[in-house]
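Given next are the chains, with one letter for each unit.
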Amino acid sequence: MDRPELAAFLRTRRERLRPEDLGLPASSRRRTAGLRREEVAMAAGMSVDYYIRLEQARGPQPSAQLLGALSRALRLTRDEHDHLFHLSGVMPENDSFVPTDHVRPGVLHLLDKLDDTPALVCSDRGDMLAWNAMQAALMGDPGRFPVEQRNIAWQHFCNPEAAEFFLPEDFVRNGEHTVADLRAGLAARPDDARLRALVEELKTRSQRFADLWERHDVARRRSDHKTVLHPVVGRIDLDCEVMLSPEHDQRLIIHSARAGTPAQQALQLLRVIGTQRMAEVDT
């Protein structure tokens, strides 16, 4: 049970809600934003003293029933609900979960077959483990970086050139999602030394990362829409699907363009350009 993280998470979730969210009358005399502790306790059907102790990182380990009541009272999302349980140490460990950086041959074969679609495999930490030629043509070859820098979060927050690939608003949103995903992963695997080291490094190297980390937002990335500003083919509007493989601690990320759109034409051109560049390298 991570009492400090649980306390901070409860406090930040409480402060984002308004009395109206729980059907309570609004009050103009509130000195701070969000709900009062007693309002959360009432909505969760628990004593005010017990809830206060949770926010003060004190008290006994809450039960699954109590955590469920808190989740409903605080209007948590599915990912936030799981995060609450992980921080409380209530959810049982999955014995079949075996983190590994080894990409299965079948996944590598699938990457090769996706010759017209940018795709990559990354670990739950965001380490880029494998990618196809289209992904390299779209965002640059990750292989040009040292292994320790082949990480989605590291590239976003530590590579000054990363912002050039996205619209400003997309770049900001991508950073928020990346931090929320890392925090969810760390709560699920608090003993992951590599993940914890990555978070500490990013907090040191990037003030923006440190500020986002303090928000205690959590969300697993499953799908997205992004606009890539490619230096050769220009703007490409892409749908992003994330296929999770929790048993192997890996994700397959696929970028696709909708049929009949300029983005689809841009990807077709990018495929030709990428093939030509590979031929030039071979010669």
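**Some points on helix α3 (residues 48–55)**
Inspection of α3 places Tyr50, Tyr51, Leu54 and Glu55 among the buried residues, and these make up the whole buried set. Down the axis of α3, the smallest arc covering the buried residues is 135°, so these residues share one side. Along its buried surface, α3 packs onto α1 (3–15), α2 (37–44) and α4 (64–73).

**What about the nonpolar core?**
The biggest cluster of nonpolar side chains holds 25 residues, and the ones touching the most others in it are Leu10, Met46, Tyr51, Leu54, Leu70 and Leu84. Elements supplying a minimum of two residues to this core: α1, α2, α3, α4, α5 (78–88) and α9 (168–188). With 5 residues, the single largest contributor to this core is α4. In contact with leucine 70, not counting residues within four places along its chain, are Leu10, Val40, Ala44, Met46, Tyr51, Leu54 and Leu84. In terms of nonpolar packing, the next biggest core, distinct from the first, is built from 16 residues, Met134, Ala162, Val233 and Ala263 among them.

**Focus on the packing of α2 against α4**
Where α2 meets α4, the axes come as close as 8 Å, and the angle between the chain directions of the two elements is 120°. With respect to α4, the element α2 is oriented oblique. α4 is crossed by α2, and the crossing has right-handed handedness. Contact with α2, carried on its side by Val40, Ala43 and Ala44, involves Ala69, Leu70 and Ala73 of α4 and no other residues of that element. Of the residues contributing to the contact of α2 with α4, the split by class is 6 nonpolar, no polar and no charged.

**Some thoughts on the packing of aromatic side chains**
For any pair of aromatic rings, the description rests on two quantities: the centre-to-centre distance and the angle between the ring planes. Within this structure, the stated rule accounts for 2 aromatic pairs. Ring centres of phenylalanine 157 and phenylalanine 209 lie 5.2 Å apart, and the angle between their planes is 85°; this geometry places the pair in the edge-to-face category. Here phenylalanine 157 is found in helix α8 (residues 152–158), whereas its partner phenylalanine 209 is found in helix α11 (residues 207–213), with 52 residues between them in sequence. Neither phenylalanine 157 nor phenylalanine 209 differs from the other in exposure class; each is buried. Taking 5.7 Å as the distance between ring centres and 20° as the angle between the ring planes, the aromatic pair formed by phenylalanine 209 and tryptophan 213 counts as stacked. Here phenylalanine 209 pairs with tryptophan 213, and both are found in helix α11, just 4 residues apart, close to one helical turn. Classification of tryptophan 213 by relative accessible area gives buried; the value is 5%. Three or more aromatic residues joined by ring pairs make a cluster, and in this case those are Phe157, Phe209 and Trp213. Positioned over the ring face of tryptophan 213 is arginine 183, at 4.0 Å from the centre of the ring.

Scoring rules and cut-offs
- Residues numbered from 1 in each chain as written.
- Predicted model: local features only at pLDDT ≥ 70, side-chain atom pairs only at ≥ 80, totals over all residues.
- Heavy atoms only, no water.
- Buried < 20%, exposed > 50% of the residue type's maximum accessible area, 1.4 Å probe, protein only.
- Helix = DSSP H or I, 4+ residues; strand = E, 2+ residues; numbered from the N terminus.
- Arc of directions from axis to C-beta.
- Contact = heavy atoms within 4.5 Å.
- Core = buried A, V, L, I, M, F, W, Y, C linked by side-chain atoms within 4.5 Å.
- Axes fitted to C-alpha atoms, helices over the stretch in contact; angles between N-to-C directions.
- Parallel < 35°, antiparallel > 145°, perpendicular 65-115°, else oblique.
- Left-handed = near helix turned anticlockwise from the far one by under 90°.
- Nonpolar A, V, L, I, M, F, W, Y, C, P; charged D, E, K, R; others polar.
- Phe/Tyr/Trp six-rings, centres within 6.5 Å; stacked < 30°, edge-to-face > 60°.
- Lys NZ or Arg CZ within 6 Å of the ring centre and 35° of its normal.

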